[in-house]
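Secondary and tertiary structure notes
The lines below spell out each chain.
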Amino acid sequence: MSEAQPGMSMSMERADIAFKVNGAAVSVCVPPVRRLSSVLRDELHLTGTKVGCDAGDCGACTVLVDGEPVCACLMSVASAAGTVVTTVEGLANGRLSALQASFLDHGAAQCGICTPGLLVAATALLDSKPNPTEAETQDALGGVLCRCTGYRKIIAAVMDASRHADGVDRRMPQSGHAVGSSPIRLDGLPKVTGGEKFGGDSFPADALAVLVVRSPHYHARFAFGDLDAWIKAHPGAVGVYTAADIPGKNSFGVIAPFADQPALAEGFSRFRGEAVALVAGEREAMLDLDLSDFPVRWTELPHVLQPCEAQAGGAQLIHENRPANLLTTGFVERGDPEAALAGAAFTVSGAIDTSYVEHAYIEPEAGYAYMDGETLVVVACTQAPYMDRDDVAKVLGLAVDKVRIVPTATGGGFGSKLDVSLQPLIGLVAMKTGRPAALAYTRNESMISTTKRHPAEMKAAIGADADGRIIGMVFAGDFNTGAYASWGPTVANRVPVHASGPYATPNYRAEGRAIHTNGPISGAFRGFGVPQATIMQETLYDELAEKLGLDRLDFRLKNCLRNGSETVTGQRLESGVGIAECLEALRPHWMRALVDAELFNAGSSTKKRGVGVASCWYGCGNTSLPNPSTIKVGISASGDVVLHQGAVDIGQGSNTVIAQICADALGLPLERFTLKSADTAITPDAGKTSASRQTFVTGKAAEKAGRALRETMLRFANVSEKAAIALDGTSLIIREGEATRHIDLSAMKADADGFVFRAEESYDPPTLPLDAKGQGKPYAVYGYGAQIAELEVDLKLGTAKLIKITAAHDVGKAINPLLAEGQIEGGIAQGIGMALMEEYIPGRTENLHDYLIPTIGDVPPIETILIEVPDPEGPFGAKGLGEHVLIPTAPAILNAIRHATGVLVTKIPATPSRIRAAIREKEARR
């Protein structure tokens, strides 16, 4: 062992440690206590081993040590001495393993951040059990968390791996038939080999490491001590940076008129976890730097965490320009709802509260920044590169053309990675030092500092006539938006538009209020408040159906929107309304489930089965706001079709789906396409990946671009639109009737992008503003869906065990059915978490051990029914899907619990203690 240097901690002493990795002998000289995961990634550059928590909770770092799966973050490198280690990079052995091929074939990798851990754990299983059962598969993979897929395709891929021993079935479509087929993801291969580079996977070797000093208080004043002296006392530290160092406007936000969040707090912090200072230094020094002696003095101030406290008389304003701590209000009114409710034959009313929900993507925020001449380049995980560019430029005082955002692969986002996080921080350090600056959030940092789903306090009343038709509804919801605005205005405005559900409601009033507290910032999370409002509305629908003596599914069919219906905003839906088709598709499953539950309940007194149903609708894209996407596509002199596709793929499949749309519009096979992914320097702005807009909006731009490129080539060849085109090497072949023409692309002059033929097209959905009463056309396209939840409740314990979920979703046109199924299963898994277990409590559930998300054993079999009711506005009739799939899940589960027990849990999630408390309360009333 080498000698320690004066002042060096024992943890910094180094030793030579030898072991084998993926069949090769390696030796590293590192501190023996260093995590094996860190050594694999930082010393051996095997970044396929991911780090999601450094606590053994997520399993993303799973590797094989002497054939056994272990969490590399829990193992010291000294413990690996003399062992044989296998990482995901070692599974292929020159070609894909059968398991890797099966993962591709089944669509089992979405964002891909958990995929290496799952593949490694499953490899150990298959080595001992080549044909495992579902239970054996779940047991073997139970320690690896996935937030995207819903696990069902992972289970299928593992159980079916033996069939792929001869290689992957790529299922590439034939020319002209990409839409409607399910080729493997265009970005799928690196996800299963470990080659995919996420935010923390490609830090430059000379990059400074950045640490963030954060507020430990919900509300506090602070002042710094002698920062220069502190730096000098810590060898390897290069600099400390505070708000005083920010050269631009120290305020960012996703909605410009509401932008209010400082990159680094100035003088006082408004929430626990807010960034107040940065420390930059050499990587080795930063690994062991203890920030507990950082010179900052805190003075705690009074804080409020609940909207009722924030709105109480005399409450301190969190932002001086927002009276009563009210950020904004959304409002929709149609007809006379009070008169309708007064005259209704049947009415129901109720109140429901929901909790903070953490996004819990397995990849914490990570990235690096560097100066390229006068341009600041930020390479990081994100959902919105152009929004990042604009905010970073503003904060750092740069022109937007002097900031370049290069998105890495993004290991899950679900809305939270729409807001900038570390981008301006690493950019500041890179600008100040002239060196690359890198930062990867810890799991705790990610959870305390980034956005959550809005907690909601909701009340509603709904009335129906004697025939069971809805005649009126009133809804009011207070949404805890936390310390800063983020997406609070979007939630407040989207909720009133959607709170009626996909049902004709002639008399209606809904108000959504976003209220500031000193709690975590609430932002976008798969649905922008609609999942919360749907719980309120759909649980009341069940109660109203019971009062009417109607079957719950029939009641929804009686009232659902249809072609020609008018929405609560007065928008006439001329065509493409598929909610009735979704509900009808569920009917046989509904009838079977009810019979099964009745038979089970007749023979059981301690456990009861319940069946619940819920519907959803969701407007695709921004609410009554411009929402454009631009796509560029061209043919190179070498005969490649190059698609500049700036829609960030966070696992949902936009890289593949948008290319499929463009391929069919152009009339050339998908396998000829080369993808240029999001990069603000080279790809046009395709807008943010949110609001279920990419397949619809960017897909429509891709369709237009493909058709425009085709027209350009046909015009060049002087043939009609009926002509067929093909590529053979560098030859463009155009056939019309008996005539065939060959055009030598290599002989043609290429433009600056290397294109000999090109097209660039934009699309912005046609919407209209909402007036003072919320009347107008907020969305051009809506998607629809309905789900059935079957479960079993233990009346003594209050536990709910899911048996099956059946989901029917109208996607307009399934561009890629396999990816659509994957989105549905993944959304349902998140809905399960929201309904039954997920509750972020500041100060208590700030890791993946205390904050519970569904594991592979929590997601039951899911039967997906894809409904295709085309919308003429969408590309090939397609609608958005990403958010719709989560919305009905929680209310269907709550309705099933009510069906089983006779009680509705009104504080979500419906944990066993809350279910049991509701049952006891019901029993006490007898």
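The rules behind the values
- Residues numbered from 1 in each chain as written.
- Predicted model: local features only at pLDDT ≥ 70, side-chain atom pairs only at ≥ 80, totals over all residues.
- Heavy atoms only, no water.
- Buried < 20%, exposed > 50% of the residue type's maximum accessible area, 1.4 Å probe, protein only.
- Helix = DSSP H or I, 4+ residues; strand = E, 2+ residues; numbered from the N terminus.
- Pairing = 2+ DSSP bridges.
- Polar contact = N/O pair within 3.5 Å; in protein donor to acceptor, adjacent residues only side chain to side chain.
- Contact = heavy atoms within 4.5 Å.
- Axes fitted to C-alpha atoms, helices over the stretch in contact; angles between N-to-C directions.
- pLDDT = per-residue confidence, 0-100.
- Right-handed = clockwise from strand over helix to strand, strands pointing away.
- Phe/Tyr/Trp six-rings, centres within 6.5 Å; stacked < 30°, edge-to-face > 60°.
- Lys NZ or Arg CZ within 6 Å of the ring centre and 35° of its normal.
- Expected span 1.5 Å × (residues − 1).
- Core = buried A, V, L, I, M, F, W, Y, C linked by side-chain atoms within 4.5 Å.

Across the eight residues that make up strand 24 (residues 629–636), a large majority, eight, are buried. Pairing of strand 24 with strand 30 (residues 755–763) involves eight bridges; the strand directions are antiparallel. Bridge pairing links Ile635 to Phe757 in strand 30. Sheet topology note: the strand 24/strand 25 (residues 641–644) ladder contains four bridges and is antiparallel. Each bridged residue has a counterpart across the sheet, and for Val633 the counterpart in strand 25 is Leu643. In this structure, the hairpin formed by strand 24 and strand 25 is closed by a connection of four residues, where Gly639 is found at a positive phi of approximately 90°.

This part takes up the sheet that holds strand 11 (residues 296–300). The strand order across the open sheet formed by three strands is 9-7-11, and the pairing between neighbours is antiparallel. Each edge of the open sheet is held by one strand with a lone partner, namely strand 9 (268–269) and strand 11. Both strand 7 (residues 220–224) and strand 11 contribute to a ladder of five bridges, which runs antiparallel. From the neighbouring strand, Arg221 faces strand 11, where its bridge partner is Thr299.

Our next topic: the side chain of Asp201. Looking at where Asp201 falls in the secondary structure, it is placed in the loop between helix 6 (188–193) and strand 6 (208–214). Exposure remark for Asp201: the relative accessible area of 9% places this residue in the buried category. Of note is the side chain of Asp201, whose polar atom sits 2.6 Å from the side chain of Lys50. A polar side-chain atom of Asp201 sits 2.9 Å from the main-chain amide nitrogen of Phe198. Among all residues touching Asp201, those that are not within four sequence positions of it are Arg41, Thr47, Lys50 and Glu196.

Attention shifts here to the sheet that holds strand 28 (residues 731–736). Judged by pairing direction, the sheet is antiparallel, and its three strands sit side by side in the order 27-28-29 without closing on themselves. For this open sheet the edge positions go to strand 27 (724–728) and strand 29 (739–744), each flanked by a neighbour on one side alone. Across this sheet, the average inter-strand angle for adjacent strands is 20°, counted without regard to direction. Here strand 28 pairs with strand 29 via six bridges, running antiparallel. Directly across from Leu732, in strand 29, lies its bridge partner Ile743.

The next subject is the confidence of the model for the protein chain. Of all residues in the protein chain, 98% have pLDDT values of 70 or greater, and the mean over the chain is 96. Within the model, pLDDT remains below 50 along residues 1–10, and this stretch shows seven contacts once partners closer than five positions in the same chain are excluded.

What follows is about the pairing of strand 17 (residues 403–407). With four of five residues buried, strand 17 lies mostly within the body of the structure. Judged from the five bridges that link them, strand 16 (residues 375–380) and strand 17 form a sheet pairing that is parallel. The partner of Ala380 across the bridge, within strand 17, is Pro407. Taken together, strand 16, helix 11 (residues 385–396) and strand 17 form a β-α-β motif whose crossover is right-handed.

Right, let's talk about the side chain of Lys452 for a bit. Residue placement: Lys452 occurs in strand 19 (residues 452–453). When its relative accessible area of 0% is taken as the criterion, Lys452 is described as buried. Here the side chain of Lys452 touches Glu358 through a polar contact of 2.9 Å, side chain to side chain. Side-chain polar atoms of Lys452 contact the backbone oxygen of Met447, separated by 2.6 Å. With residues up to four places along the chain from it excluded, the contact list for Lys452 reads Tyr356, Val357, Glu358, His359, Ser446, Met447, Pro520, Ile521, Ser522, Gly523 and Tyr840.

Further remarks concern the packing of aromatic side chains. Using the criterion set out here, one finds 16 aromatic pairs in the structure. Here the aromatic rings of Trp617 and Tyr782 are separated by 4.9 Å at their centres, their planes lie at 15°, and the arrangement is stacked. Of this pair, Trp617 sits in strand 23 (residues 607–619) while Tyr782 sits in strand 31 (residues 782–794); the two residues are 165 residues apart in sequence, bridging distant segments of the chain. Here Trp617 and Tyr782 have matching classes, each one buried. Chaining the aromatic ring pairs together yields one cluster made of Phe222, Phe224, Trp230, Phe294 and Trp298. A cation over a ring is seen here: Lys417 above Tyr361, with NZ or CZ 4.2 Å from the ring centre. When the ring centre of Tyr840 is taken as reference, the NZ or CZ atom of Lys452 above it lies at 4.8 Å.

Right, let's talk about helix 21 (residues 889–901) for a bit. Taking 1.5 Å of rise per residue, 13 residues should cover 18 Å, and helix 21 covers 18 Å from first to last C-alpha, within 8% of that figure. Burial analysis of helix 21 places 12 of its 13 residues in the buried class, which makes it a mostly covered element. Gly902 sits one or two residues past helix 21 and shows a positive phi near 85°.

Moving on to the nonpolar core. Ranked by internal contacts, the top residues of the largest apolar core, which has 154 residues, are Phe103, Phe475 and Ile893. Beyond its immediate sequence surroundings of up to four residues, Ile893 is in contact with Ala789, Leu791, Leu802, Ile832, Ala835 and Leu836. With 46 residues, the next largest nonpolar core counts Val697, Ala702, Ala708 and Met713 among its residues.

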